4 protein chains.
Amino acid sequence: MDWDVMLTPYKQAVDELKIKLKGIRDQYQLTSKHTPIEFVTGRVKPVSSILEKAKRKNIPLNELEEQMQDLAGVRIMCQFVGDIDAVAELIHARTDFDIVEERDYIKHKKRSGYRSYHMILRYPVQTIEGEKPILVELQIRTLAMNFWATIEHSLQYKYAGQIPEEIEERLQKAAEAAFKLDEEMSKIRGEVQEAQQIISKQRESMRKN
Amino acid sequence: MDWDVMLTPYKQAVDELKIKLKGIRDQYQLTSKHTPIEFVTGRVKPVSSILEKAKRKNIPLNELEEQMQDLAGVRIMCQFVGDIDAVAELIHARTDFDIVEERDYIKHKKRSGYRSYHMILRYPVQTIEGEKPILVELQIRTLAMNFWATIEHSLQYKYAGQIPEEIEERLQKAAEAAFKLDEEMSKIRGEVQEAQQIISKQRESMRKN
Amino acid sequence: MDWDVMLTPYKQAVDELKIKLKGIRDQYQLTSKHTPIEFVTGRVKPVSSILEKAKRKNIPLNELEEQMQDLAGVRIMCQFVGDIDAVAELIHARTDFDIVEERDYIKHKKRSGYRSYHMILRYPVQTIEGEKPILVELQIRTLAMNFWATIEHSLQYKYAGQIPEEIEERLQKAAEAAFKLDEEMSKIRGEVQEAQQIISKQRESMRKN
Amino acid sequence: MDWDVMLTPYKQAVDELKIKLKGIRDQYQLTSKHTPIEFVTGRVKPVSSILEKAKRKNIPLNELEEQMQDLAGVRIMCQFVGDIDAVAELIHARTDFDIVEERDYIKHKKRSGYRSYHMILRYPVQTIEGEKPILVELQIRTLAMNFWATIEHSLQYKYAGQIPEEIEERLQKAAEAAFKLDEEMSKIRGEVQEAQQIISKQRESMRKN
């Protein structure tokens, strides 16, 4: 398989969505509102990970595009847990893609401790052979959730899903600390939002003069 | 007027279209075909130029968005005159914007010597208040056309449209030289396209091994 | 003052340092080592903040460049507290700028709860009038430190340094939660580093085939 | 050989030089002077081209870094022939790299018709193992020179250096047309420079208000 050719529209989808979602953040910053989007990252799954996952999940290579929903991945990081719903609403209001699936691992966190809000988008990429719908996994998380998830992912990989009990325990404690941080931050959220509005308004008034 | 706020969706449209059109070029390069897109630039009109043009054309500031069609501008440069039609076809085939106007200043060059292919697009930008259609001027030109046009634009500006005859003459000679270059290049186009395919195929076969 | 002209070499310094420090991260990722740099951001201080700080600290505008050391700011975020020293060492080893000051607010955290490692660099920018040394403030922090600091900064700004006691208390609790998260993460660091090496090596071996 | 690892500092050098040279252009635009730099591109030589050239020139793979001076390539395009000297002077004035070689194929154009100004730079990249000097080929050309050179390069490649006489002739005519365009442009240069200064000054005065 010519992976470069096959993955090109996925790369294109990721690049376009990054520009679009970063644009949302910029709009908030200009209009004196608290921005629910802290930053945006994206990636196309590395070929080694695609092969490994296809083998593990028994997905034939010619069915990758339908059955592996995270070949293209975009991640939105938020400052506060409460921002995640605001972002999900923004995503629902857009007309440039469809949402084909939605999973709330925040209300229903995984047994491992994993928390995150997932959406699968069907995003139309314009190729030189015409429009091609591309599946993209969108993850919305706080920075603390992301921090923990990155670490858990590395360990799952290392131990091929069989993390030793002692390490499992440390991971649980880290998950609790991340959760606690999100909680303390939430209590202070209203204050911070007001403060950010004051800063934005001041900058705005400078621009107008 | 808060220009930053007003022009933000225009900036967004330019950024998105640049990513999209550069993506087209990358697709060609991967699939061993001659790419009709050499490079892509874009800009939002500077506020000083907006004000100057509004005054000159008698456009009230509250009708800018409908009446000034080049607040957002994107430019595609091509190697060969023959590539311009190929690009225009690609633009027609896309489903992510509408074409609201089309002017062929290549078949019908302006009296000044100006040659370029113009399209006005209506491009939907997703803002935090919902979808907003944005007019974008798309110019498609060869590098030689662009070179000359940039220079003519500077001189028109300097002489406020009243270029002295002697300079007008030099400008005409430069336009002829640019036209001649495009002609000579066209005669060699078939050869170059074949050559580029050979190079691309070789790189492709390396990637597969 | 023409702020655009005055701040141009500061913007240039920030852009160059961002490219350079991101390059460091990429090198680690290629060579199968844990990267101590998670991501890099940078900014030139907004003019409104410069004016406000100049007034507050009594700095005459013609002495800004010597006395305001954070006109240009670059921030490196790390996954683990232990990575911060590794980054500081890397910075010391470089020959493309001088270090003129260094403050360790991690060993000696501020009374407010602020933790971060600061360096002031003297970075030579090549301008069209010759080489110009530019002061740049480099902050090195974990994600948890950064999270807390961002919030504290907003609140300091809102209350002009006089944060009410009740909010001060919530901020302290958030600082403790951030500290606790860093601590739990540190306990798991060795495991994660080994895991990341396994992943990198696998990708590397794929690239070579 | 792990090409990704070997070429990483070359990619880094190209990225840094692109940011630096684009910065030069931005400085000119702000200070109301005609910018001698129209745009800047850069690339690391593709592995397929490295292997092909190594074979053709009999360079052992373990001597690539010393003997193949264009592994990293940066190109500066100018509007006018007269700008090329101005750029070369700017390059000489910089202190962030050494110039190890210089060839003027404009005063002494190649028999093929090739015109361009070449410099070989020794640019220090800061790697995680310390400073590493990297050779970079810098080409300075007008847009017309570049246009022609791109085409000639494709044809040389296709015919492995043995371009048929008939095509050779067409290429010569294109070279003459490119040269003629540069000549006509030079005659108009003074006018355009003055015009650009007027535009820049107007924008500058707007920024100050």
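Above this text you will find the structure in question.
If you're wondering where the values come from, they're calculated on a predicted model, not measured in any experiment.

Visitor: Would you mind going over the pattern of salt bridges in detail, with residue names and values included?
Guide: Going through the model one piece at a time under the given rule, you end up with 60 salt bridges over all chains. Here aspartate 83 of chain B makes a salt bridge to arginine 189 of chain B, at a shortest N to O gap of 2.8 Å. On the criterion of sequence distance, the pair formed by aspartate 83 of chain B in helix H4 (residues 81–93) and arginine 189 of chain B in helix H6 (residues 165–208) is long-range, its members being 106 residues apart. A relative accessible area of 21% places arginine 189 of chain B in the partly exposed class. Between lysine 53 of chain D and aspartate 70 of chain D there is a salt bridge whose closest N-O contact spans 3.1 Å. With lysine 53 of chain D in helix H2 (residues 47–56) and aspartate 70 of chain D in the loop between helix H3 (64–67) and strand S2 (72–78), the pair connects residues that are 17 residues apart, well separated along the chain. One continuous salt-bridge network, built from bridges that share partners, spans Lys20, Arg94 and Asp96 of chain A.

Visitor: Lay out the interface of chain C and chain A with the relevant residues and their values.
Guide: Of the residues lining the interface, 42 residues belong to chain C; the matching set on chain A comes to 43 residues. Both sides together, the interface formed by chain C and chain A hides about 4000 Å², and carbon and sulfur atoms give 74% of it. Summed over the three residues of chain C that lose the most area to chain A, namely Phe147, Lys158 and Glu191 of chain C, the buried surface amounts to 16% of that side. Along the contact surface separating chain C from chain A lie 0 salt bridges. The interface formed by chain C and chain A includes 4 residue pairs in polar contact (both at pLDDT 80 or more).

Visitor: Outline the relation of the copies chain C and chain A, supporting the account with residue identities and numerical values.
Guide: Each of the two copies of the chain can be brought onto the other by a rotation about an axis and a shift along it. When chain C is brought onto chain A, the operation consists of a screw motion whose angular component is 180° and whose axial shift is 0.0 Å, with 0.0 Å RMSD remaining. Accordingly, the operation relating the two chain copies is best matched by a two-fold axis. For chain C, the smallest separation between a C-alpha atom and the rotation axis is recorded for alanine 177 of chain C, amounting to 3.3 Å. Counting the interface residues of chain C, we find that 100% of their copies in chain A are interface residues as well, pointing to one common contact surface.

Visitor: Provide a residue-level description of the layout of surface pockets, including the pertinent values.
Guide: In this structure, the second largest pocket occupies an estimated 300 Å³ of space. Lining the second largest pocket are 21 residues, and of these Thr95 and Asp96 of chain C together with Thr95, Asp96 and Pro124 of chain D lie nearest its centre. Looking at the lining of the second largest pocket, the elements with two or more residues in it are helix H1 (3–30) and strand S4 (117–127) of chain C together with helix H1 (3–30) and strand S4 (117–127) of chain D.

Visitor: So what's going on with the sheet that holds S4 of chain D? Residues and values would help.
Guide: Residue and element names in this part refer to chain D. One open sheet holds the 5 strands; their spatial order is S1-S2-S5-S4-S3, and the pairing between them is mixed. Every interior strand has two partners, whereas the edge strands, strand S1 (39–44) and strand S3 (98–104), have only one. Adjacent strand axes in the sheet meet at a mean angle of 25° when their direction is disregarded. In the packing of helix H4 (residues 81–93) onto the sheet, contacts are made with S2, S3, S4 and strand S5 (130–142), and the angle to S5 comes to roughly 165°.

Visitor: Kindly report on the packing of helix H5 (residues 143–158) of chain C against helix H6 (residues 165–187) of chain C, identifying the contributing residues and their values.
Guide: Residues and elements named next belong to chain C. H6 packs onto H5 with a crossing angle of 165° between their chain directions and a minimal axis gap of 9 Å. Taken as axis vectors, H5 and H6 run roughly antiparallel relative to one another. In the crossing of H5 with H6, the sense of the turn from one axis to the other is left-handed. Seen from H5, the contacting residues are Ala144, Met145, Trp148, Ile151, Glu152 and Leu155; seen from H6, they are Ile167, Leu171, Ala174, Ala175, Ala178, Leu181 and Asp182.

Visitor: Could you give me a rundown of the sheet that holds strand S4 (residues 117–127) of chain A, with the residues and numbers involved?
Guide: Remark on secondary structure: sheet strands pair via backbone hydrogen bonds, oriented parallel or antiparallel. All names here are of chain A. Taken in spatial order, the 5 strands line up as S1-S2-S5-S4-S3 in an open sheet, and their pairing is mixed. Either end of the sheet is taken by a strand with one partner, and the two such strands are strand S1 (39–44) and strand S3 (98–104). Neighbour-to-neighbour, the strand axes of the sheet open up by a mean angle of 25°, direction not taken into account. Pairing of S3 with S4, which is carried by 6 bridges, proceeds in the antiparallel orientation. Bridge assignment links glutamate 102 to a residue of S4, and that residue is methionine 119. On top of the sheet, helix H1 (residues 3–30) reaches S1, strand S2 (72–78), S4 and strand S5 (130–142); it is set at about 180° to S1, its chief contact.

How each quantity is defined
- Every chain is numbered on its own, with residues counted from 1 as its sequence reads.
- Going through the entries in the order they are written, you letter the chains from A and number the ligands from 1.
- Where local features are concerned, this predicted model is filtered to residues with pLDDT of at least 70; where side-chain atom pairs are given and counted, the filter is 80 or more; whole-chain, interface and lining totals use all residues.
- Values reported for side chains reflect all heavy atoms of the structure, with hydrogen atoms and water molecules removed beforehand.
- Salt bridge criterion: a side-chain nitrogen from Lys or Arg within 4 Å of a carboxyl oxygen from Asp or Glu.
- Each helix is a run of H or I in the DSSP string that is no shorter than four residues. Each strand is a run of E no shorter than two, and both are numbered from the N terminus.
- Burial classes follow relative accessibility: with a 1.4 Å probe on protein chains only, a residue under 20% of its type's maximum area counts as buried, one over 50% as exposed, and anything between as partly exposed.
- In this analysis, two residues are considered to be in contact whenever any of their non-hydrogen atoms come within 4.5 Å of each other.
- For any pair of parts, buried area is found by adding up, for both, the accessible area (1.4 Å probe) each one loses once the two are put together.
- Think of a polar contact as two N or O atoms within 3.5 Å of one another; within protein, one of them needs to be a possible hydrogen donor and the other a possible acceptor, and neighboring residues in sequence only count if both atoms come from side chains.
- What sets the superposition is a least-squares fit of C-alpha atoms, and only residues with pLDDT of at least 70 in both copies go into it.
- We place a 1 Å grid over just the protein atoms. Points where a 1.4 Å probe fits but has no way out form a cavity, open points with protein on both sides within 12 Å along at least 5 of 7 lines form a pocket, and any residue with an atom within 4 Å of a point lines it.
- Grid points are joined across faces, edges and corners, and a volume is the space filled by probe spheres set on the points.
- The criterion for strand pairing is that DSSP finds at least two bridges linking the strands in question.
- Each axis is a line fitted through C-alpha atoms, taken for helices only over the stretch in contact, and angles between the N-to-C directions span 0 to 180 degrees.
- Here roughly perpendicular refers to angles of 65 to 115 degrees, roughly parallel to angles under 35, roughly antiparallel to angles over 145, and oblique to all remaining angles.
- Whether a crossing is left-handed or right-handed is set by the direction in which the near helix is turned from the far one by less than a right angle, anticlockwise for left-handed and clockwise for right-handed.

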